[in-house]
Structure formats: structure tokens, C-alpha cells
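Residue-level structural notes
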Amino acid sequence: MNATIILKFLKDISKNNNREWFEKNKPVYLEAKSSFEDFLEDFHKELIKLDDSLVGLNPRKQGFRIYRDVRFSKDKRPYKTNMGAGFSPNGKMEQEPGYYIHFEPGNKNMIAGGMYMPSPENLAKIRQEIDYNPKGILKILNDKEFKKYFKGLSDWDRVKTAPKGYAKDHPQIELLKNKSFTVSTEFMDAEVKDPKFIKKVAVICKSIKKLNEYLKNAVA
């Protein structure tokens, strides 16, 4: 992987987010995309060492499209300014726990994992598991190794008050408020360019796997 090529292209497109520039620089995009897919291949090799449920995936197909869906958005910029990919047993984290890698210049690169926007049915199952088996998730969140990388569940997708069916003074009310159950940690651009970056991310994924297993059992 050539992270410099990837980050430079993403930085350039953030300043020139229009179709004319993109078409003119399509060869540069394709080079950056190919380099990102090279990374995904190497990343996948590390992932399957710790999570054999991902063995059947084609890593080069796990990246998300660079084209934005602008149909229902006020932001009409046609292209994303990041490159991301999702790894879960059936594809790209669609209603199942997995791992997400994200490259974005300006030190906004990240590794994330867990379950993103579960359906109402799966959300109810996860909340029920937290209600019935809080020790399982609390053990993960309080694990010394886990806390080296994550401050807890991400709080970007939560309800403001107690979910229906749960008391406001429930012992795990802060966990139950979540509508997504994800964790993430960011990296500097210089870290992404380091040859040891994949190994560093793989170590973090070991902690993510513990959360994923808990969530997988909850929605089974």
C-alpha cells in the first residue's frame, strides 16, 4: 500500500469536489483505489488470523463506493473525501457486527467495529442482552487492553432519554440509550504511512472482536 498516494488524492478531492475535476484525474483516483485495495488484502490476512468468520470474503470488494448518495442530502458534493471498507461475515457490516477501516487526511483515519444502526428487531435483542447479561458487556468495556484503545461505546447515535420499556434509573441506562453499538479510535496521517500500521490495527481488532462476539450472540 502507498498511503501517501491515497491521502494525497483524498486531500485533493476535498478541494476539488466536482465531476469535471474527478474525470480529469480519474487515473489518479484509480491508482489510489488500487493502493487502498492492496491495503485491504493485507488487512484481511491479519483479520482472518483472529476471526475465521471472515475467511470467505474478497477483500478487494469490501471498500465502499466513493460516490455519495446526494438524493436526500442538502450537501450535493458528488464524492466522499475518505476511503472506507467494512468486514463482516456476510459482507460490509449489514445488520451484523464487524470491523471498519477508514482513511481520511487531516488525521481523521480510524479503525472501528461493533454493530452500526441495527434494525429495530436487532436493537431490541441487544438491549435485552444488556438488561439480562450486563456482566458480559461490562467485562469487555472495562478490560484493561480494550480501554487502551477505546473510551467506551461511541455516543454519536443515542436516544436522549430511557428507551421504551426501560426505567430511567436502570443500572445500565447509559448503555441502553445507544442505537448503534460501535467503538472507534483515530490515527494520525503519519501512523497510516508507517509500514507497521497494519500490525498496529490488527492488535486493536482483537479487542473489537470481543465486542463483536457479544453483539453476535445477542442478535443470534
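Residues numbered from 1 in each chain as written. Predicted model: local features only at pLDDT ≥ 70, side-chain atom pairs only at ≥ 80, totals over all residues. Heavy atoms only, no water.

Description of the sheet that holds strand β4 (residues 181-187)
Note: strands within a sheet are paired through backbone hydrogen bonds, in either parallel or antiparallel orientation. The following threshold applies: Should DSSP find at least two bridges between two strands, the strands are regarded as paired. Numbering goes from the N terminus for both helices and strands, where a helix is a DSSP run of H or I of at least four residues and a strand is a run of E of at least two. Orientation is described by lines fitted to C-alpha atoms, with helices fitted over the stretch in contact, and by angles between N-to-C directions that extend from 0 to 180 degrees. Here, two residues are considered to be in contact whenever any of their heavy atoms come within 4.5 Å of each other.
Pairing is antiparallel across the open sheet formed by 4 strands, whose spatial order is β1-β2-β3-β4. Two strands lie at the open edges of the sheet, namely β1 (83-87) and β4, each paired on one side alone. Looking at each pair of strands side by side, their axes are set apart by 15° on average, direction ignored. Bridge count for β1 against strand β2 (residues 98-103) is 5 bridges, and the pairing is antiparallel. Bridging from a neighbouring strand, Met83 pairs with Phe103 of β2. Taken strand by strand, helix α1 (residues 3-15) contacts β1, β2 and β3 (109-115), and its axis lies near 120° from that of β1.

So, the pairing of β4
How we decide: Relative accessibility decides the category of a residue: with a 1.4 Å probe and only protein chains considered, values under 20% of the type maximum give buried, values over 50% give exposed, and everything between is partly exposed.
For β4, the buried fraction is high: 5 of the 7 residues fall into the buried class. Pairing of β3 with β4 involves 7 bridges; the strand directions are antiparallel. Following the sheet pairing, Asn109 is matched in β4 by Phe187.

Thoughts on the packing of aromatic side chains
For clarity, the cut-off: Between rings of Phe, Tyr and Trp, where Trp is taken as its six-membered ring, a pair exists when centres lie within 6.5 Å; planes separated by under 30 degrees are stacked, by over 60 edge-to-face, and by other angles tilted.
Following the criterion strictly, the structure yields 18 aromatic pairs and no others. Pairing Phe39 with Phe43 gives two aromatic rings, centres 5.7 Å apart and planes at 15°, and the pair type is stacked. With Phe39 and Phe43 both in helix α3 (residues 26-50) and 4 residues apart, the pair spans about one turn of that helix. Assessed through its relative accessible area of 0%, Phe39 is described here as buried. For Phe43, a relative accessible area of 0% puts it in the buried group. Judged by centre distance (5.0 Å) and plane angle (50°), the rings of Phe146 and Phe150 are tilted. Phe150 sits in the buried class, given a relative accessible area of 2%. Through a chain of ring-to-ring contacts, the aromatic side chains of Phe36, Phe39, Phe43, Phe87, Phe103, Phe187 and Phe197 assemble into a single cluster.

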